[in-house]
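Below, each chain spelled out in residue letters.
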Amino acid sequence: MNNFTLHTRLHTEFVNIDNQVQEIVSASGCKEGIVHVYIPHTTAGITINENADPDVVADIETVLNRLVPWKAGYAHCEGNAAAHVKASLMGATATVIIHEGRLALGTWQSLYFCEFDGPRTRKVWIKIIPS
Ligand code: ZN
């Protein structure tokens, strides 16, 4: 297993992690297979979405904030229930095909680490499975 560390800067933030994941895939020498990207956190997630227009991820953040307000009478005593809910909405894993040693993402797609309770130091775990 490989991993890397991420230092998020904002409370809510989508961070493009294509380069970090590609570096690990390249270093592995794997030409064909899949790469699992796993987020070992309960207040952060991962998603794949558009990288061309930054308004897209900004809109996703806006909609998540509208759906899951920070204060809404939650039971969780730590005070960050909204971040936990958003983490589950996004999910903790993404799987990308590796083709010819590169992440086989669509033209407009990128991998985004989704911070919902930052700023924090976060980890991303990577597992490459050649095929
Ligand atoms: Zn909590």
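Remember, predicted model here, so these are calculated numbers, not experimental data.

Enquirer: Before we go on, may I ask you to explain the sheet that holds strand 5 (residues 93-99) in this structure?
Expert: The pairing of strands in a sheet happens through backbone hydrogen bonds and is either parallel or antiparallel. Across the sheet, which stays open at both edges, the 5 strands sit in the order 1-8-3-5-6 with antiparallel pairing between neighbours. In the strand order of this sheet, the two ends are held by strand 1 (2-7) and strand 6 (102-103), each with one partner. The strands that helix 1 (residues 18-28) touches are strand 1, strand 3 (32-38), strand 5, strand 6 and strand 8 (121-130); relative to strand 1, the one it contacts most, it runs at about 160°.

Enquirer: Please explain the pattern of salt bridges as it appears in this structure.
Expert: Side-chain pairs of opposite charge can arise whenever the charged atoms involved come near each other. Summed over the entire model, instances satisfying the criterion amount to 2 salt bridges. Where Glu-115 meets Arg-122, a salt bridge forms, and the shortest distance between an N and an O atom there is 2.7 Å. Look at Glu-115 and you get buried, because its relative accessible area is 0%. The buried category is assigned to Arg-122, whose relative accessible area is 3%. Put simply, Asp-117 and Arg-120 hold a salt bridge, and the shortest N to O gap is 2.7 Å. By relative accessible area, Arg-120 is classed as partly exposed at 33%.

Enquirer: Teacher, can you tell me more about the sheet that holds strand 7 (residues 109-115) here?
Expert: Taken together, 3 strands build an open sheet; the order of strands is 2-7-4 and the sheet is antiparallel. A single partner strand is all that each edge strand has here, and the edge strands are strand 2 (13-16) and strand 4 (44-50). Averaged over all pairs of adjacent strands, the angle between their axes in this sheet comes to 35°, without regard to strand direction. Relative to strand 7, strand 4 is paired through 7 bridges, and the arrangement is antiparallel. Looking at the pairing, Glu-50 lines up with Gln-109 of strand 7. Relative to strand 7, helix 1 is tilted by about 110°, and along the sheet it contacts strand 2 and strand 7.

Enquirer: Please explain the side chain of Asp-18 as it appears in this structure.
Expert: Structurally, Asp-18 is set in helix 1. A polar atom in the side chain of Asp-18 sits 2.7 Å from the backbone nitrogen of Leu-111. In contact with Asp-18, other than residues within four places in its own chain, are Leu-103, Leu-105, Gln-109, Ser-110 and Leu-111.

Enquirer: What's the story with the coordination of the zinc ion in this structure? I'm lost.
Expert: Expected angles at a metal are 109.5 degrees for tetrahedral coordination by four donors and either 90 or 180 degrees for octahedral coordination by six donors. Note on the zinc ion: its protein donors are His-76 (NE2), Glu-78 (OE), Asn-80 (OD1) and His-84 (NE2). The metal-donor distances range over 1.8 to 2.2 Å. Around the zinc ion, the 4 donor atoms are arranged such that angles at the metal cover 90 to 148°; this shape is classified as irregular. For the zinc ion, all donor residues lie on one chain, and their spacing in sequence is H-x1-E-x1-N-x3-H.

Each value, and the rule that gives it
- Position numbers for residues count from 1 along each chain, tracking the sequence in the order it is written.
- This being a predicted model, a pLDDT of at least 70 is required before a residue's local features are given, and a value of 80 or more before pairs of side-chain atoms are given or counted; all residues contribute to the totals for chains, interfaces and linings.
- Excluded from the side-chain calculations are hydrogens and water; all other atoms, namely the structure's heavy atoms, are used.
- The pairing criterion is simple: DSSP has to find at least two bridges between the two strands.
- The numbering of helices and of strands both runs from the N terminus, where a helix is a DSSP run of H or I of at least 4 residues and a strand a run of E of at least 2.
- Pairs of residues are marked as contacts when any of their non-hydrogen atoms sit within 4.5 Å.
- Between N-to-C directions, angles cover 0 to 180 degrees, with each direction set by a line fitted to C-alpha atoms, over the stretch in contact for helices.
- Only one rule defines a salt bridge in this text: a Lys or Arg side-chain nitrogen within 4 Å of an Asp or Glu carboxyl oxygen.
- Each residue is placed in one exposure class: buried if its accessible area under a 1.4 Å probe, protein chains only, is under 20% of its type's maximum, exposed if it is over 50%, and partly exposed if it falls in between.
- Between N or O atoms, a polar contact is any pair within 3.5 Å; within protein, one atom must be a potential hydrogen donor and the other a potential acceptor, and residues adjacent in sequence are included only when both atoms are from side chains.
- Counted as donors are the N, O and S atoms within 2.8 Å of the metal, or 3.2 Å for Na, K and Ca, while water is not among the atoms, so some sites may look incomplete.
- Here the metal geometry follows the donor angles, with tetrahedral for four donors whose angles all fall between 85 and 135 degrees, square planar for four and octahedral for six when opposite donors are more than 155 degrees apart and every other angle is between 65 and 115, and irregular for all the rest.

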